[in-house]
Protein chains: 2
Amino acid sequence: MSVKLNESYIGRFVSEKDMAEIRGEIERSLQTVKEGTGAGNGYLGWRDLPLNYRTEEYNRIKTAAEKIRRSCDVFVVIGIGGSYLGARAAIEFIKSPKFNELPGTSPKIYFSGNDISAASLSELISICDGKDICVNVISKSGKTTEPAVSFRIFRELLEKKYGEEGARERIFVTTDAHKGALKTLADDKGYESFVVPGNIGGRYSVLTSVGLLPIAVAGCDIDAILSGAVKARKDLIDAPFDVNPCLRYAAIRNIMYRTGKKVEILAAYDGALAMLNEWWKQLYGESEGKEGKGLIPDSVIYTTDLHSLGQMVQEGASDENFNRIFFETVFDVKNARSDISVPFDKDDLDELNYIGGRTLHEINATALKATALAHSDGNVPNLIVELDSRDEKTFGYLVYFFELACAVSGYTLGINPFDQPGVEAYKNNMFALLGKKGEKFDEIRSKLNK
Amino acid sequence: MSVKLNESYIGRFVSEKDMAEIRGEIERSLQTVKEGTGAGNGYLGWRDLPLNYRTEEYNRIKTAAEKIRRSCDVFVVIGIGGSYLGARAAIEFIKSPKFNELPGTSPKIYFSGNDISAASLSELISICDGKDICVNVISKSGKTTEPAVSFRIFRELLEKKYGEEGARERIFVTTDAHKGALKTLADDKGYESFVVPGNIGGRYSVLTSVGLLPIAVAGCDIDAILSGAVKARKDLIDAPFDVNPCLRYAAIRNIMYRTGKKVEILAAYDGALAMLNEWWKQLYGESEGKEGKGLIPDSVIYTTDLHSLGQMVQEGASDENFNRIFFETVFDVKNARSDISVPFDKDDLDELNYIGGRTLHEINATALKATALAHSDGNVPNLIVELDSRDEKTFGYLVYFFELACAVSGYTLGINPFDQPGVEAYKNNMFALLGKKGEKFDEIRSKLNK
């Protein structure tokens, strides 16, 4: 398995008895996912996606990615939430968080339409000045405010720069197969289009065209990503509880929740995993944060944040019974892609010669172990998730691992892990405040004016 | 005042009676700060710093910054925790999170020595290839592992590239005034040095040479930053409770804590504030997270994260009595530096014409209001912190605002807001695992081997 759990620091907080007690629930939740008999069962498309990914569309994604790589300096990916985080997480994990700044990177990839900041949009426009541009707009409906605004502006910019004909060759649309504003526009204008599957929600969509096109443009091997997901499905969907890290992860986080933990902190030891953490935060936060339930998903990058939040983790926030209110899930990436040794220094004023000749990867791994021990001593349970390396196959495997675990965890929590009813609340207020007439317009306006 | 509180969304959760009850405590805590009679009173240097900042060293900072700007393409700032976050927060807030990628930026500024990632260090070295480099290493002792490793590597690189003489002109040291490994090295080699004041802890140090040199190299006006801090000190240190936003912020977060909130989420509506949020997380997490106490500091960037964590915030995590376990403190930046209008589209397929002609800043401000209303409806208290604009003066004012509020808040919580005893735990384990002999070596080794 490309993803393993190291439970050696969690044993003091999760007993064999706890695991035995929850096992039946977890297995029933898995069965519910497999049989498609639970709430939100119209959104289980991600479950068998790895079995049938080699479609005509999959081949078109590769061709489009090559075309984009050849024809632009800057590739603008417009999307928000699940139409943003997965691709960015993949590119930073597999390539680098400094992807755009590394020598030789082409095209540079920028994400837009994921906020309403005038500053970030105008900066991106200035970065694009004098460069060749391609755009991929990703939106199921085409009406979500943030990406729709950004796309209006970039479409206008491309049509001015290249003419309507030229822009057509540079705009790639990922949207609903049959309906919606963006589908209609793509058909009208003749843009090449890819499908947001109707049976896969945004946060589960990274292995569809939503994520794969930008990831392929970054030069990642999407065959290898999917092969990782295929392997994960094979490994995880039938393996018994005792040897199934996916089910054990779902079990442990539910046990943590039931024993009073309020927050799950996902920790990584490399900034390249920061956006993976953000993707995970959406997956778990949006799936489980409903009906007053759910762990708050939080994230840190160590050792960086040991020098900012380490004090709080080691000795801070507890409940009225002095129980710590969070636990840590920690990524341990086993293999380094590149490494650097600490040089010796004849004067040794900084007293680093004791690690002279050792590699940063080795020292970072030691920091991880030292921290897991220290935080355990501080009564913070630590669960280690071991990954092979920052490569495509591991990424694909990990995505499937977390998606399946999330569905199982969510059913065990007793919620529908596939809806997000609360996301509409701010949108409805915003539409009312901006004067957009809708179903609840009068009701909301009268409330807002009170 | 450049920083104001908008309490209109918090009233339902914090009564006048609550405020009246805590007022005396808050005023006593402020008195403790002013008289220097509390725990950690050796670290109050930040309190009067704005009164006496125009020193000989301050002028040297400006001269050094000009020299660095003239003589390099890449400026590497080596530091961790308080020697990293403040400068980066300032540069992203005042300039941009895409500072290095914007056309015409010179020198580009990279932060190193804040992790143990081999990948990030080797990427930075490849970015430096063929470029002229200057380095600022910031470390009180010079022995902190992360910056010390990075500095060994960059010093070697500079000495190879420029010779020892040439490197001397390109290395700038910020360290203790009198002692320590880095002070000794700087004196030996003749590096230009700046002082980490002995009476200011790392997380309170951004307005000293620790932060000011990198901030000045980025082209920010440090006179204006300090003038903001001067103004804040004048406004905040004597103003009565009722009209003092700094004291009211300290009061409200303590009331939140006492009424069962576990997490304070700092929300901003522009990615340019993301590192400011990280700086704030260290300031409050490291100051208050001790003796089992403290709010967990968390942060989000909206509207981005409304599409990932919005569901959780709106309807998720609550305690056993169905009380929500977090509250939000929200930055509202009143003035935009640049703005963009939504273009009209004749077909209006995306139905955005209803906001055609309106500016992104206006729409973003509406999203903020809509979200504060929605989250209040979801029983999440929202406190709005209004800022003038993303300029130097506001930054300086805000830093002083949060530092003073943190000291007052910490004393009210009953802890020492200036120490960080828990940060040593992982370091001692790491030294023992790596074989560095120290005071507790045998004790820790025997524990780790169990």
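Residues numbered from 1 in each chain as written. Chains lettered and ligands numbered in written order. Predicted model: local features only at pLDDT ≥ 70, side-chain atom pairs only at ≥ 80, totals over all residues. Heavy atoms only, no water.

**Examining the overall build of chain A**
Phase 1 of the analysis: When you go through chain A residue by residue, the secondary structure sums to 16 helices and ten strands.
Phase 2 of the analysis: Compactness check: chain A gives a C-alpha radius of gyration of 23 Å against a globular reference of 22 Å for 450 residues, within 12% of the reference.
Phase 3 of the analysis: In chain A, which comprises 450 residues, the proportion classed as buried is 64%.
Phase 4 of the analysis: The contacts of chain A with a sequence gap of at least 6 include a subset with a gap of at least 24, amounting to 79%.
Phase 5 of the analysis: Looking at chain A as shown, the accessible area adds up to about 15,400 Å², and 47% of this sits on carbon and sulfur atoms. (Helix = DSSP H or I, 4+ residues; strand = E, 2+ residues; numbered from the N terminus. Rg over C-alpha atoms; globule rule 2.2 N^0.38 Å. Buried < 20%, exposed > 50% of the residue type's maximum accessible area, 1.4 Å probe, protein only. Contact = heavy atoms within 4.5 Å. Areas by Shrake-Rupley, 256 points an atom, 1.4 Å probe, with all protein chains shown as cover.)

**Some thoughts on the interface of chain A and chain B**
Phase 1 of the analysis: Taken residue by residue, the interface counts 123 residues in chain A and 123 residues in chain B.
Phase 2 of the analysis: Both faces combined, the contact of chain A with chain B buries some 10,500 Å², and carbon together with sulfur accounts for 62% of it.
Phase 3 of the analysis: Of all residues in chain A, the largest losses of buried area upon contact with chain B belong to Arg 152, His 307 and Leu 434 of chain A, amounting jointly to 9% of the total for that side.
Phase 4 of the analysis: At the surface where chain A touches chain B, the tally comes to eight salt bridges.
Phase 5 of the analysis: With a closest N to O distance of 2.9 Å, Arg 155 of chain A and Asp 345 of chain B form a salt bridge.
Phase 6 of the analysis: Summed over the shared surface of chain A and chain B, the result is 48 residue pairs in polar contact (both at pLDDT 80 or more).
Phase 7 of the analysis: Top contributing element to the side of chain A that touches chain B by residue count: helix H13 (residues 360-377) of chain A, with twelve residues.
Phase 8 of the analysis: Of the residues that constitute the side of chain A that touches chain B, the class distribution is 51 nonpolar, 36 polar and 36 charged. (Buried area = accessible area lost by both parts, 1.4 Å probe. Salt bridge = Lys/Arg side-chain N within 4 Å of Asp/Glu carboxyl O. Polar contact = N/O pair within 3.5 Å; in protein donor to acceptor, adjacent residues only side chain to side chain. Nonpolar A, V, L, I, M, F, W, Y, C, P; charged D, E, K, R; others polar.)

**Side note on unusual backbone geometry**
Phase 1 of the analysis: In the segment running from Tyr 302 of chain A into Thr 303 of chain A, the intervening peptide bond is cis, with an omega of 0 degrees.
Phase 2 of the analysis: Looking at where Thr 303 of chain A falls in the secondary structure, it is placed in the loop between strand S8 (296-301) and helix H12 (310-315).
Phase 3 of the analysis: You will see that Asn 379 of chain A, though not glycine, has its phi angle at about 65 degrees, which is positive.
Phase 4 of the analysis: One non-glycine residue, Asp 348 of chain B, lies in the positive phi region at around 50 degrees.
Phase 5 of the analysis: For Asp 348 of chain B, the location among the structural elements is in the loop between strand S9 (326-335) and helix H13 (360-377).

**Remarks on the pairing of strand S10 (residues 382-389) of chain B**
All names here are of chain B.
Phase 1 of the analysis: Of all eight residues that make up S10, seven are buried, and the element is covered over most of its length.
Phase 2 of the analysis: Bridge analysis of strand S1 (residues 3-6) against S10 gives four bridges, and the strand direction is antiparallel. Of the residues in S10, the one forming a bridge with Val 3 is Leu 387.
Phase 3 of the analysis: As paired strands, S9 and S10 are joined by seven bridges and run parallel to one another. Pairing of Thr 329 across the sheet is with Leu 383, part of S10. (Pairing = 2+ DSSP bridges.)

**As for the side chain of Lys 189 of chain B**
Residue and element names in this part refer to chain B.
Phase 1 of the analysis: In this fold, Lys 189 is placed in helix H7 (residues 181-189).
Phase 2 of the analysis: Relative accessible area serves as the criterion here: at 15%, Lys 189 is assigned to the buried category.
Phase 3 of the analysis: Here Glu 159 takes part through its side chain, which lies 3.3 Å from a polar atom of the side chain of Lys 189.
Phase 4 of the analysis: Ignoring any residue separated from it by four or fewer positions in sequence, one finds Lys 189 in contact with Arg 155, Glu 159, Glu 164 and Arg 168.

**Quick word on the nonpolar core**
Phase 1 of the analysis: By size, the foremost hydrophobic cluster in this structure holds 130 residues, and its most contacted members are Val 76, Phe 151 and Phe 326 of chain A together with Val 76, Phe 151 and Phe 326 of chain B.
Phase 2 of the analysis: The contact partners of Phe 151 of chain B, leaving out residues within four places of it in the chain, are Ile 78, Val 135, Val 137, Ile 171, Leu 182, Leu 185 and Tyr 191 of chain B.
Phase 3 of the analysis: Membership of the second largest hydrophobic core comes to 98 residues, among which are Phe 99, Ile 200, Tyr 400 and Phe 418 of chain B. (Core = buried A, V, L, I, M, F, W, Y, C linked by side-chain atoms within 4.5 Å.)

**Quick word on the sheet that holds strand S2 (residues 74-78) of chain B**
Residues and elements named next belong to chain B.
Phase 1 of the analysis: Across the sheet, five strands lie side by side as S3-S2-S4-S5-S6; this open sheet has parallel pairing. At either margin of the open sheet sits one strand with a lone partner, and together these are strand S3 (108-112) and strand S6 (192-195). Each adjacent strand pair in this sheet contributes to an overall mean axis angle of 20 degrees, direction not counted.
Phase 2 of the analysis: With four bridges joining them, strand S5 (residues 171-175) and S6 adopt parallel strand pairing. Residue pairing for S6: Val 173 is matched across the bridge by Ser 193. (Axes fitted to C-alpha atoms, helices over the stretch in contact; angles between N-to-C directions.)

**Concerning the side chain of Arg 155 of chain A**
Phase 1 of the analysis: Along the chain, Arg 155 of chain A turns up in helix H6 (residues 145-168).
Phase 2 of the analysis: By relative accessible area, Arg 155 of chain A is classed as buried at 9%.
Phase 3 of the analysis: One polar contact links Arg 155 of chain A to Asp 345 of chain B, side chain to side chain, over a distance of 2.9 Å.
Phase 4 of the analysis: With residues near it in sequence (within four places) discarded, Arg 155 of chain A still touches Ile 171, Leu 185, Lys 189 and Tyr 191 of chain A together with Asp 345 of chain B.

**Comments concerning the packing of aromatic side chains**
Residue and element names in this part refer to chain A.
Phase 1 of the analysis: For the structure on display, the rule yields 34 aromatic pairs over all chains.
Phase 2 of the analysis: Measuring from centroid to centroid gives 5.0 Å for Tyr 53 and Tyr 58, while their planes differ by 75 degrees, and the two rings are edge-to-face.
Phase 3 of the analysis: Judged by relative accessible area, which is 13%, Tyr 53 ranks as buried.
Phase 4 of the analysis: Relative accessible area serves as the criterion here: at 3%, Tyr 58 is assigned to the buried category.
Phase 5 of the analysis: With 5.8 Å between their ring centres and 45 degrees between their planes, Phe 93 and Phe 395 make a pair best called tilted. Residue Phe 93 is located in helix H4 (residues 85-94), and its partner Phe 395 is located in helix H14 (residues 392-413); the two are separated by 302 residues in the primary sequence. (Phe/Tyr/Trp six-rings, centres within 6.5 Å; stacked < 30°, edge-to-face > 60°.)

**Thoughts on the environment of Ser 209 of chain A**
Residues and elements named next belong to chain A.
Phase 1 of the analysis: Secondary-structure assignment places Ser 209 in helix H8 (residues 209-217).
Phase 2 of the analysis: As a C-alpha pair, Ser 209 and Val 195 span 14 residues in sequence and 6.5 Å in three-dimensional space.
Phase 3 of the analysis: When near neighbours in sequence (up to four residues on either side) are disregarded, Ser 209 contacts Glu 57, Ile 61, Thr 174, Phe 194, Val 195, Val 196 and Pro 214.
Phase 4 of the analysis: Here the side chain of Ser 209 touches Val 195 through a polar contact of 2.6 Å, landing on its backbone oxygen.

**Some points on the domain arrangement of chain A**
Residue and element names in this part refer to chain A.
Phase 1 of the analysis: For chain A, the domain assignment lists domain 1 (3-36 + 226-415) and domain 2 (48-220).
Phase 2 of the analysis: Summarising the inter-unit geometry, the C-alpha centres of domain 1 and domain 2 are found 30 Å apart.
Phase 3 of the analysis: Domain 1 puts 30 residues into the contact, and the matching count from domain 2 is 26 residues.
Phase 4 of the analysis: Taken over both partners, the interface formed by domain 1 and domain 2 buries close to 2,500 Å², and the fraction arising from carbon and sulfur atoms is 68%.
Phase 5 of the analysis: On the domain 1 side of the contact with domain 2, Leu 226, Met 275 and Phe 395 bury the most area, a combined 29% of that side's loss.
Phase 6 of the analysis: Connecting domain 1 to domain 2 are two salt bridges.
Phase 7 of the analysis: One salt bridge in this structure joins Glu 286 and Arg 203, with 3.0 Å as the shortest N-O distance. (Domains from an automatic or database assignment.)

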